[in-house]
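Close look at the chain arrangement
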Amino acid sequence: MRLSALVLALTLLATAAPGRVPAATADVGLLRATLPNGLRVLIVRDTLAPVVSTEVSYLVGSSDDPAAFPGLAHAQEHMLFRGTPNVSTDQLNTIATALGGDYNAFTRPTVTQFLFTVPANDLGIALHLEADRMRDVLDAQAQWQDERGAIEQEVAMDESAPGSDFFNDMRARVYAGTRYARDPVGTKASFDHLTGTELKRFYRTWYAPNNAILVVAGALDPNQTLAQITALFAGLPRRAVPARAPVHILPVRRMVVRRTTTLPYPLAAVGYVLPGVNSKDYVTSFLLQAVLNGERGPLRALTTQGLAIGSGFQAEPALPESQLGYAVAAVAPGQNPWVMTERLEAITARYAREGVPADLFEATKRRVIADQLLSRNSITDLATDWSDVLAVDKEPSIEHEIELLRGVTLADVDRLAKLYFQPAHAIVGALTPTYRAGAEQQHEKPSETLLPQRPAGNVMLPVWAQPALSDADVPQPSLRPTVSDLPNGIRLIVQPESISHSVFLFGGIDSEPPLQEPRGSDGISAVLEGIFDYGTATQTRDQFQRGLEEIAAREDAGSHFSLQVTSDAFDRGVQLLADNELHPRFDEESFRAAQRQAAGNAAASLSGSHVIALHKLDAKLLPANDPGLRVATPPSIEALALDQVRSYYAAAFRPDLTTIVVIGDVTPEHARRVIEHDFGAWKATGPKPDLTYPAVALNAPGEIKLTPQTMQQDAVTLAELIAIKRDDPSRYALTLGNAVLGGGAAGPLTSLLFRDLRMNTGLVYQVNTALSIGPTRSRFEITYASAPDNAAQARMLVDRDLRRMQQTPIAQAELALTKAALLRRTLVDASAEDAIAGGLLRRSIEGLPLDEPAVAAQRIKATTAEQIRDAFARWIRPGGFVQLTEGP
């Protein structure tokens with residue numbers, strides 16, 4: 001269940017009669033229809049931004065895989081990105097990239113979902129694409145041969161993920177003998193035998209309009225949108241969909257598993273089989289899980305008391321018949337996880353025996369219901385929440401789910417805890433790490449070989465898709481925040497939005513712990529961040545959390561702080577936040593608890609292979625004793641004293657380094673009055689610290705090879721320092737070139753590297769580039785993962801594409817495509833209130849203009865292919881990379 005969407009004030013709830021489009025009025029908020037072919041449609045209007053999201057949910061998932069081909073549903077999801085009889089792979093990827101939005105898919109046990117978030121003017125193109133994929137798909141053997149290598153790399157990546165072994169094994173044991181026991185991602189053996197014929201048979205069986213739900217949300221006219229959908233989808237033929245055999249899940253007998261794990265820290269887990277989607281107790285189970293995850297609950301207390309470095313309740317995707325849920329706690333390296341399993345069982349046993357505390361139940365229920373306001377503040381989340389309600393939860397509406405939630409009583413939750421939290425049916429896991437980073441080895445230079453070339457020339461688009469390229473223009477700024485400076489130096493930015501009765505506050509203090517932490521006090525900032533979790537100088541943690549619960553608010557304090565609250569509780573929420581931020585609980589007990597947790601986190605982090613690898617990489621890039629090489633260790637944290645933390649807070653937390661962004665249902669005048677009242681007494685002492693990193697010389701090339709025990713792939717990071725600085729105007733050309741090379745903010749669908757390493761050769765599942773341009777030092781990275789015997793070929797393709805970027809101007813068609821993607825991306829990035837606020841906060845702290853996205857869009861549109869070539873030739877050093885390889 002995703003109880004995280006707004007209860008919309010519906011003005012119309014209509015179902016289309018066969019063969020006609022239902023009438024609607026101008027103030028429609030939500031519109032339903034069922035087309036003659038059985039396609040169910042739901043349209044939601046949300047005017048937060050000029051953006052729309054489409055989500056098609058096919059009612060087929062990994063549980064429908066044939067026994068001989070686990071992962072087939074996942075493979076078919078991939079193949080829908082390989083084109084149709086009417087739209088080739090290149091055309092599909094070109095269209096998706098030009099639209100500049102979020103373009104993704106997810107295979108779940110009972111549903112496969114395809115998500116597209118684009119500018120509102122491009123809704124017709126997105127609908128055309130989805131209608132074409134619902135009509136037919138190629139599933140050609142040659143295309144599967146190309147995609148198979150990539151999906152097998154995804155399998156290897158999934159199997160290499162630390163900790164996945166235990167939970168995958170438990171799922172297989174609980175659901176043994178049923179279709180839920182199969183590996184949802186798939187296996188290399190399965191994919192090696194899978195053919196295009198089998199894929200097409202699966203598509204023909206399940207991918208039909210009468211087995212699908214289409215949700216469209218955003219800045220749209222519901223009646224016009226339904227007319228578009230009817231014109232595009234109504235002619236698609238319905239097909240008979242096979243009935244599924246019922247699944248009978250046997251009761252779980254107590255399982256006790258003591259084993260090693262690939263995690264870098266010990267883990268305790270106690271699991272139970274809980275009600276599934278089809279159960280009348282499913283909503284009650286959801287609320288019980290929320291109680292277990294409550295800030296004042298005993299699970300969370302394991303962390304705040306310093307007994308664990310992390311704890312909570314996590315659930316696997318809900319199935320129709322059941323759901324697996326686990327109480328989990330990670331402990332510091334060297335500790336015995338078995339002791340923690342006993343604590344976890346004691347917590348669930350107490351709930352089963354005594355029930356849930358009434359005040360905790362009411363507070364949790366109030367907060368969960370308040371959370372329903374939040375998804376209206378993100379167009380993508382709104383589409384996803386409605387899709388899940390209809391396709392996964394099988395409920396008629398979000399409003400109905402919330403009514404069910406309101407109807408849950410304390411007696412219902414207590415009954416469920418007593419029924420399911422039984423020791424005789426528990427899954428107990430005590431996992432001890434045997435994780436090793438692996439030895440550092442020399443990396444052999446690959447020999448030259450003949451490599452496939454990227455297709456050249458323009459991609460001719462269908463007529464309906466051609467506006468994706470021709471209509472791209474610099475978007476007009478839609479944000480007009482009110483900016484003011486408080487007398488104590490706080491910068492306040494307010495962006496009113498009336499889409500829902502909620503307010504988000506995001507704050508940040510400009511800080512650089514490596515530059516600010518006194519020598520010999522590494523990790524002091526981590527301890528300070530932990531102290532904020534223990535209440536305030538005048539309120540204990542329990543008292544403070546109760547105050548938040550009374551107004552159903554979510555709050556975090558620290559160098560980055562936030563508040564999510566309904567608009568009528570904004571004043572009280574800010575008062576609580578300010579008390580936490582300005583008056584931390586600097587007592588010995590809170591300090592010791594935060595210190596234990598920080599030391600445990602540091603020990604776990606430094607035991608992880610990837611963290612060790614990144615430290616080695618930084619040591620190759622930066623000079624000795626550079627502040628960027630400082631690392632907090634358990635001994636450095638354990639040596640700290642409370643007075644040191646208090647002094648660090650006084651020096652680093654300053655109002656004149658702080659920005660607060662408020663967005664939502666509040667006026668600028670009201671926001672300033674409240675912020676000034678509660679934060680106005682905060683004063684800075686002494687001069688501002690210098691938070692600028694010193695300039696450094698460019699790194700020499702180097703190689704690092706580590707062999708972690710879990711890795712099945714070679715995960716490669718190519719990193720180098722580059723000489724460009726933030727004030728250099730050629731940064732726009734370099735940014736645009738980075739998008740051409742590796743996707744950047746535009747997404748990787750038509751980037752040089754993605755096409756050469758993924759689409760044309762199947763050498764990798766993902767390849768990404770990252771460009772970070774700072775005021776004094778900048779960095780460029782390329783990352784990918786491949787089978788070890790393909791790593792040399794992948795590196796040569798990378799080198800070839802880098803040389804091409806430096807030597808040859810980009811083709812105009814490719815340049816126009818990437819520009820279109822980046823320009824449209826500016827709109828999509830501002831389609832959620834938290835994203836809008838986060839962008840304003842980041843730009844303020846970094847000293848950039850608040851309208852930097854609009855400025856960048858203008859500069860990018862004017863950039864030429866020659867300027868990109870010159871920028872790459874000037875700044876990027878193909879021979880200057882340090883290559884980090886983590887693999888067998």
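Since we're looking at a predicted model, the values are computed, not measured. (Residues numbered from 1 in each chain as written. Predicted model: local features only at pLDDT ≥ 70, side-chain atom pairs only at ≥ 80, totals over all residues. Heavy atoms only, no water.)

Soluble, globular proteins show a tendency: their nonpolar side chains are buried together. Formed by 63 residues in total, the largest nonpolar core has its most connected members in Tyr207, Ile229 and Phe233. Counting residues per element, this core draws most heavily on helix 3 (residues 123-135), at seven residues. Filtering out sequence-adjacent residues up to four positions away, Phe233 remains in contact with Leu35, Asn37, Leu39, Leu127, Glu130, Ala131, Met134 and Leu214. Judged by nonpolar contacts, the second largest core, of 53 residues, contains Ile509, Leu577, Leu640 and Ile675. (Core = buried A, V, L, I, M, F, W, Y, C linked by side-chain atoms within 4.5 Å. Buried < 20%, exposed > 50% of the residue type's maximum accessible area, 1.4 Å probe, protein only. Helix = DSSP H or I, 4+ residues; strand = E, 2+ residues; numbered from the N terminus. Contact = heavy atoms within 4.5 Å.)

Applying the stated criterion across every chain yields a total of 52 salt bridges. Two residues, Asp132 and Arg135, come together in a salt bridge whose shortest N-O distance is 3.3 Å. Here Arg135 and Asp132 lie together in helix 3, a separation of three residues that amounts to about one turn. On the accessibility criterion, Asp132 (6% relative accessible area) is buried. Taking relative accessible area as the criterion, Arg135 reaches 37% and is therefore assigned partly exposed. Within this structure, Arg296, Asp359, Asp542, Arg546 and Glu549 form a network of salt bridges that share partners. (Salt bridge = Lys/Arg side-chain N within 4 Å of Asp/Glu carboxyl O.)

This brings us to the confidence of the model for the protein. Confidence in the prediction of the protein, expressed as mean pLDDT, is 89, and 92% of residues score 70 or more. Within the model, the stretch residues 2-28 combines pLDDT values under 50 with 69 contacts to residues more than four positions away or in other chains. (pLDDT = per-residue confidence, 0-100.)

Where strand 4 (residues 102-107) lies against strand 5 (residues 112-119), six bridges are found, and the strand directions are antiparallel. Along strand 5, the bridge assignment pairs Asp102 with Thr117. As consecutive antiparallel partners, strand 4 and strand 5 are separated by four residues. (Pairing = 2+ DSSP bridges.)

What follows deals with the packing of helix 12 (residues 358-370) against helix 19 (residues 541-550). One way to put it is that helix 12 packs onto helix 19 with a least axis distance of 9 Å and a crossing angle of 45°. Considering their axes alone, helix 12 and helix 19 lie oblique with respect to each other. Taken as a pair, helix 12 and helix 19 cross one another with a handedness that is left-handed. Of the residues in helix 19, those in contact with Asp359, Leu360, Ala363, Arg366 and Arg367 of helix 12 are Arg546, Leu548, Glu549 and Glu550. Here the residues of the contact of helix 12 with helix 19 sort into three nonpolar, no polar and six charged. (Axes fitted to C-alpha atoms, helices over the stretch in contact; angles between N-to-C directions. Parallel < 35°, antiparallel > 145°, perpendicular 65-115°, else oblique. Left-handed = near helix turned anticlockwise from the far one by under 90°. Nonpolar A, V, L, I, M, F, W, Y, C, P; charged D, E, K, R; others polar.)

Whether parallel or antiparallel, the strands of a sheet pair through hydrogen bonds between backbone atoms. Taken in spatial order, the five strands of this open sheet run 18-22-19-21-20, and their pairing is mixed. Across the chains shown, the open sheet's two edge strands, defined by having one partner strand only, are strand 18 (702-706) and strand 20 (764-773). In this sheet, adjacent strand axes meet at a mean angle of 10° when their direction is disregarded. Relative to strand 21 (residues 778-786), strand 19 (residues 714-722) is paired through nine bridges, and the arrangement is antiparallel. Pairing of Leu721 across the sheet is with Arg779, part of strand 21. Against the sheet, helix 26 (residues 731-742) contacts strand 19, strand 20 and strand 21, and its axis sits at roughly 175° relative to strand 20.

Looking now at the sheet that holds strand 14 (residues 502-509). Pairing is mixed across the open sheet formed by six strands, whose spatial order is 12-13-17-14-16-15. For this open sheet the edge positions go to strand 12 (482-485) and strand 15 (554-556), each flanked by a neighbour on one side alone. With direction set aside, neighbouring strand axes in the sheet form an average angle of 15°.

Our focus in this paragraph is unusual backbone geometry. Unusually for a residue other than glycine, Asp139 sits at a positive phi of about 50°. Note on placement: Asp139 falls in the loop between helix 3 and helix 4 (141-160). Positive phi outside glycine occurs at Ala552, with the angle close to 55°. If you trace the backbone, Ala552 turns up in the loop between helix 19 and strand 15. A relative accessible area of 10% means that Ala552 is categorised as buried.

Enumeration over the complete set of coordinates arrives at 20 aromatic pairs. Measuring from centroid to centroid gives 4.4 Å for Tyr58 and Tyr207, while their planes differ by 35°, and the two rings are tilted. Taken together, the positions of Tyr58 in strand 3 (residues 51-58) and Tyr207 in the loop between helix 7 (196-206) and strand 6 (212-218) put the pair 149 residues apart, joining distant regions of the chain. By relative accessible area, which is 0% here, Tyr207 ends up buried. Members of the aromatic cluster, joined through ring pairs, are Tyr58, Phe81, Tyr103, Phe114, Phe116, Tyr203 and Tyr207. Taking the ring centre of Phe81 as reference, the NZ or CZ of Arg133 above it sits at 5.0 Å. If you follow Arg258 out to its NZ or CZ, it ends over the ring of Trp338, 3.8 Å from the centre. (Phe/Tyr/Trp six-rings, centres within 6.5 Å; stacked < 30°, edge-to-face > 60°. Lys NZ or Arg CZ within 6 Å of the ring centre and 35° of its normal.)

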